[in-house]
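Take a look at the letters that make up each chain.
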Amino acid sequence: MSGMRTTLISTAAIASMGLGYGLWSVISPGEQRRKEMLKNLPESNPVRMEETRQRNAMLMQVLKDAAETSDNLARGLGPEK
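All values reported here derive from a predicted model rather than from experimental measurement.

(A) Seen up close, the overall build of the chain. Along its length, the chain carries three helices and zero strands. Listing every helix and strand of the chain by position from the N terminus yields α-α-α.

(B) The arrangement of the pattern of salt bridges in detail. Enumeration according to the criterion identifies three salt bridges in this entry. The salt bridge involving Glu 36 is made with Arg 33; its shortest N-O contact spans 3.5 Å. Taken as a pair, Glu 36 and Arg 33 lie in helix α2 (residues 31-39) at a separation of three residues, close to a single helical turn. By relative accessible area, which is 42% here, Arg 33 ends up partly exposed.

(C) Geometry of the UniProt feature "transmembrane region" (unreviewed entry) in the chain. Mapped onto the present numbering, the UniProt feature "transmembrane region" (unreviewed entry) falls on residues 6-27. Secondary structure across residues 6-27 divides into 100% helix and 0% strand, with the first and last C-alpha atoms of the span separated by 32 Å.

(D) Looking closely at helix α1 (residues 2-27). The first and last C-alpha atoms of α1 sit 38 Å apart over 26 residues, in line with the 38 Å expected at 1.5 Å per residue. Burial analysis of α1 places just zero of its 26 residues in the buried class, a small minority of the element.

(E) Expanded view of the confidence of the model for the chain. Chain-level pLDDT for the chain is 85 on average; 89% of the residues reach the 70-or-more range. Taken element by element, the predicted model of the chain shows its lowest mean pLDDT in α2 (84) and its highest in α1 (93).

Thresholds applied
- Throughout, a residue's number is its position along its own chain's written sequence, starting from 1.
- For this predicted model, a pLDDT threshold of at least 70 governs which residues receive local features, and a threshold of 80 or more governs which side-chain atom pairs are given and counted, while totals over whole chains, interfaces and linings are taken from all residues.
- Side-chain numbers come from the whole structure's heavy atoms, not from hydrogens or water.
- Helix and strand assignments follow DSSP, with helices taken as H or I runs no shorter than four residues and strands as E runs no shorter than two, numbered in order from the N terminus.
- We define a salt bridge as a side-chain nitrogen of Lys or Arg found within 4 Å of a carboxyl oxygen belonging to Asp or Glu.
- The buried label applies to any residue whose accessible area, calculated with a 1.4 Å probe on protein chains only, is under 20% of its type's maximum; exposed applies above 50%, and partly exposed to all values in between.
- UniProt positions are given in the numbering used here, feature names are shortened, and annotations may be inferred rather than shown by experiment.
- A helix is expected to span 1.5 Å multiplied by its residue count minus one.
- Residue-level confidence of the predictor is summarised by pLDDT, bounded by 0 at the bottom and 100 at the top.

Following this line, the structure appears as structure tokens:
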């Protein structure tokens, strides 16, 4: 009885993995669609990429300035009580 139970459980596990792989292969995009998606990413636009770099540089500068000061910058944000 134990051997049959183990076989049944193993068969069910293998079947569920096969079903998962089958569903994954059905919903995953094809090579043509994948290339089209990569082409339309924001990082593929040089102007957009430069804007992102500048924004990240400004954010890092603000974080660096905040780390160097001993003032509580969070206190200046929000409504006064």
